[in-house]
Amino acid sequence: MRMTVIGTGYLGAVHAACMADIGHEVLGVDIDGEKIRALAEGRPPFFEPGLDEVLTRATASGRLRFSTSLSEAAAFADVHFVCVGTPQQAGSDAADLRCVDAVVDGLAAHLTGAHLLVGKSTVPVGTTPRLAARLRGIVPAGCEVEVAWNPEFLREGFAVEDTLRPDRIVVGVTSPRADRVLREVYAPMLADRVPYVSTDPATAELVKVSANSFLATKISFINAMAEVCDAAGADVVTLADALGHDTRIGRRFLHAGLGFGGGCLPKDIRAFSARARELGVGEAVGFLGQVDAVNQRQRRRTVDIARDLAGGEFTGRRIAVLGATFKPNSDDIRDSPALAVAAAIHREGAEVRVHDPEGLHNARLAHPELRYENEPSGACAGADVVLHLTEWSDYRELDPVKLARVVRTPRLIDARNHLDMGLWRASGWTVRALGRPSPALLPGPARAGLALSRPSAAGRQRPPTARC
Ligand code: UDX
């Protein structure tokens, strides 16, 4: 099939490359000429594991091309995927749909004949009919455009895998024809028995925001438990392990720590709340305000613990930050909890030195006031406190004995509950975490019990293919 993919960011670039990889002829379109040039040369404009291979394969096959022209898109195919960003509006919780509207308007001006426009971006419920009406007002007489919604559930870091082997495909359509077209697009996945849910556009739009709301709620739930654990001297990691054995609950997305960030979860729960208020059902999703508040609190709690470890104030202190991206295996720093903490500590007067395996370029652009280091040891040199804020596997490989020699004082906060606390403590570090008891704060018998009953570090380690 021929298709265009409009918007070649984290979502669109992967979708375009993967659609070509499964045999379609694809034109990727973006207004950013530099990005388009990079993609056309088979170079991903951002870090995403596995994307370079798929992109190289797809461009070499001749099935994937790129352009900045919407008129070329209109002439190239009659199926168009819209993958542009829907960020949070400045000064409001609602989603900013200007990019979606601009693509629709720009494309509509060049359309003739029959077309199917398939939205993949995350949008407020009700967007599909709104865009269909907008198109009817622009396209020339005799041109028919149907709008469908096909939400994307890919996780950054696993985007290629999630696109080629999704958990499910959800489409919101208004005609059997649109359903047939989308079944053809995803034929290889359907042959692999990937569940295919064909429904109305409103339900499809809602599946995406409710899925992200559920995931955000799960994370904030365990982070709320972490706060209770801190007050009660309990261990949230063991608590989550025990909860996770209940298959109705499951262990995924129960990793307590600094909380969620990124270009999706935070803005999606806010936009969903804003849309629900518009629909008069704000109270039904009122809990999402709490989910957001719990999440923001983890950032403040981390700053508070760091200040405490630094001796009560940050002025004149040097703080090392390990991790800048919102999660590992990505260079995405949008709404990154790690950078939010680093910037807050810098504002309080500390010298903050940040390391990240892939995110330094983006972090430097967003926070030029921080200092950046290419090696973890550079960030840690002379540090009064080391903060582990994004759980890159590289940081598990660090040697705490060697690192203790470069810092000024061996004090660590593991805000992702991902390092082997026992190993770091045995190497002379004072270690604090969110929701885990500090031996120094525990009564003697509890301390002894902990040492005896805790599972091995390997037992607590997340499997490399874990969903988060
Ligand atoms: C998310 C959804 O998973 C995906 O389905 C949707 O399409 C887009 O939004 P992504 O933003 O790539 O994907 O990140 P995800 O892996 O979901 O993690 C989101 C944030 O939650 C990260 O900051 C991560 O560190 C944090 N997180 C995740 C936790 O704090 N604890 C967890 O247990 C899981």
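The rules behind these values
- Residues numbered from 1 in each chain as written.
- Predicted model: local features only at pLDDT ≥ 70, side-chain atom pairs only at ≥ 80, totals over all residues.
- Heavy atoms only, no water.
- Helix = DSSP H or I, 4+ residues; strand = E, 2+ residues; numbered from the N terminus.
- Rg over C-alpha atoms; globule rule 2.2 N^0.38 Å.
- Buried < 20%, exposed > 50% of the residue type's maximum accessible area, 1.4 Å probe, protein only.
- Contact = heavy atoms within 4.5 Å.
- Areas by Shrake-Rupley, 256 points an atom, 1.4 Å probe, with all protein chains shown as cover.
- Lys, Arg positive; Asp, Glu negative; His and termini not counted.
- Charge placed at Lys NZ, Arg CZ, Asp CG, Glu CD.
- Core = buried A, V, L, I, M, F, W, Y, C linked by side-chain atoms within 4.5 Å.
- Near = heavy atom within 4 Å.
- Polar contact = N/O pair within 3.5 Å; in protein donor to acceptor, adjacent residues only side chain to side chain.
- Nonpolar A, V, L, I, M, F, W, Y, C, P; charged D, E, K, R; others polar.
- Domains from an automatic or database assignment.
- Pairing = 2+ DSSP bridges.
- Axes fitted to C-alpha atoms, helices over the stretch in contact; angles between N-to-C directions.
- Buried area = accessible area lost by both parts, 1.4 Å probe.
- Salt bridge = Lys/Arg side-chain N within 4 Å of Asp/Glu carboxyl O.
- Arc of directions from axis to C-beta.
- Phe/Tyr/Trp six-rings, centres within 6.5 Å; stacked < 30°, edge-to-face > 60°.
- Lys NZ or Arg CZ within 6 Å of the ring centre and 35° of its normal.

**Q** Kindly report on the overall build of the protein, identifying the contributing residues and their values.
**A** Counting secondary structure elements, the protein contains 21 helices and 14 strands. Taking 468 residues into account, the globule formula puts the C-alpha radius of gyration at 23 Å, and the protein, at 24 Å, falls close to it. Expressed as lengths along the three principal axes of its C-alpha atoms, the size of the protein is roughly 80 × 45 × 45 Å. Out of the 468 residues in the protein, the part that is buried amounts to 54%. Contacts in the protein between residues far apart in sequence, at least 24 positions, make up 73% of those at least 6 positions apart. Accessible surface, the protein: about 19700 Å² in total, of which carbon and sulfur atoms supply 54%. Of the charged side chains in the protein, 55 are positive and 56 negative, and the gap between their average positions amounts to 4 Å.

**Q** So what's going on with the nonpolar core? Residues and values would help.
**A** Within the largest apolar cluster, 42 residues are counted, with the highest numbers of intra-cluster contacts made by Val 26, Leu 64, Phe 81, Leu 182 and Tyr 186. Tallying contributions element by element places helix 1 (residues 12-21) first for this core, with seven residues. Sequence-distant contacts of Leu 64, that is, excluding residues within four places in its chain, are made with Ala 16, Ala 17, Ala 20, Val 26, Leu 55, Ala 58 and Thr 59.

**Q** With reference to specific residues and values, describe the site of the ligand.
**A** If you check the shell around the ligand, you find 21 residues, and the closest are Phe 153, Glu 156, His 255, Phe 326 and Lys 327. Separating an oxygen atom of the ligand from a backbone N or O atom of Gly 261 is a distance of 3.1 Å. Within the side chain of Arg 416, an N or O atom sits 3.4 Å from an oxygen atom of the ligand. When the free accessible area of the ligand is taken as 670 Å², the share hidden by the protein chains comes to 96%. Ranked by residue count, the leading element in the shell around the ligand is helix 10 (residues 201-232), at four residues. Residue classes in the shell around the ligand are distributed as eleven nonpolar, four polar and six charged. Each of two domains, domain 1 (2-199) and domain 2 (213-460), supplies a minimum of three residues to the shell around the ligand.

**Q** Describe the environment of Val 207, naming the residues involved and giving the relevant values.
**A** Looking at the element boundaries, Val 207 is found in helix 10. With 159 residues separating them in the primary sequence, Val 207 and Ala 366 have C-alpha atoms 32 Å apart. Every residue in contact with Val 207, bar those within four places of it in the chain, is listed here: Phe 153 and Val 170.

**Q** Please provide a residue-by-residue account of the sheet that holds strand 14 (residues 430-433), values included.
**A** With parallel pairing, six strands are arranged side by side in an open sheet as 11-10-9-12-13-14. Of all the strands in the sheet, just strand 11 (371-373) and strand 14 have a single pairing partner and so form its edges. Within this sheet the neighbouring strands show an average axis-to-axis angle of 25 degrees, counted without direction. In the sheet, strand 12 (residues 385-388) pairs with strand 13 (residues 411-414) via three bridges, with the strands oriented parallel. Looking at strand 13, one finds that His 388 is bridged to Asp 414. Each of strand 12, strand 13 and strand 14 is contacted by helix 13 (residues 287-309), which is oriented at about 170 degrees to strand 13, the strand it contacts most. Along the sheet, helix 14 (residues 337-347) contacts strand 9 (318-322), strand 10 (351-355), strand 11 and strand 12; its crossing angle with strand 10, the most-contacted strand, is approximately 160 degrees.

**Q** How would you summarise the domain arrangement of the protein if you had to cite specific residues and measurements?
**A** By domain assignment, the protein separates into domain 1 (2-199) and domain 2 (213-460). Between the C-alpha centres of domain 1 and domain 2 the distance comes to 34 Å. Residue-level contacts link 17 residues of domain 1 with 18 residues of domain 2. Across the domain 1 to domain 2 interface the summed buried area is about 1400 Å²; carbon plus sulfur atoms make up 52%. A per-residue breakdown of the area domain 1 buries against domain 2 is headed by Phe 47, Asp 93 and Glu 156, which together make up 42% of the total. Connecting domain 1 to domain 2 are two salt bridges. Between domain 1 and domain 2 we count nine residue pairs in polar contact (both at pLDDT 80 or more) in total. For the side of domain 1 that touches domain 2, a count of residues per class yields nine nonpolar, five polar and three charged.

**Q** Explain helix 8 (residues 176-185) to me, and be specific about the residues and the numbers.
**A** Regarding helix 8, the residues found buried are Ala 178, Asp 179, Val 181, Leu 182 and Val 185. One side of helix 8 carries all its buried residues, which in axial view fall inside an arc of 160 degrees. Those residues of helix 8 that are exposed and aimed more than 90 degrees away from the buried face are Pro 176 and Arg 180.

**Q** Can you lay out the packing of aromatic side chains for me, pointing to particular residues and giving the numbers?
**A** For the structure on display, the rule yields two aromatic pairs. Judged by centre distance (4.4 Å) and plane angle (40 degrees), the rings of Tyr 10 and Phe 46 are tilted. Within this pair, whereas Tyr 10 is found in the loop between strand 1 (2-6) and helix 1, its partner Phe 46 is found in the loop between helix 2 (33-40) and helix 3 (51-61), the two being separated by 36 residues in sequence. Ring centres of Trp 424 and Trp 429 lie 4.9 Å apart, and the angle between their planes is 70 degrees; this geometry places the pair in the edge-to-face category. Just above the ring of Phe 153 sits the side chain of Arg 168; from NZ or CZ to the centre is 3.6 Å.

**Q** A description of helix 5 (residues 98-108) should follow, citing residues and the corresponding values.
**A** Given 3.6 residues per helical turn, the α-helix brings residues three or four places apart onto the same face. Among all positions of helix 5, only Val 100, Asp 101, Val 103, Val 104, Leu 107 and Ala 108 are buried. One side of helix 5 carries all its buried residues, which in axial view fall inside an arc of 160 degrees. Where the residues of helix 5 are buried, they touch strand 1, helix 4 (70-76), strand 4 (79-82), strand 5 (114-119) and helix 6 (127-136).

**Q** Got a sec to walk through the side chain of Lys 208? Specific residues and values, please.
**A** Within the element layout of this structure, Lys 208 appears in helix 10. Salt bridges are absent for the buried Lys 208, whose nearest opposite-charge side chain, Asp 268, sits at 4.8 Å. Those residues within four positions of Lys 208 in sequence are excluded, and the remaining contacts are Thr 122, Pro 151, Glu 152, Phe 153 and Asp 268.

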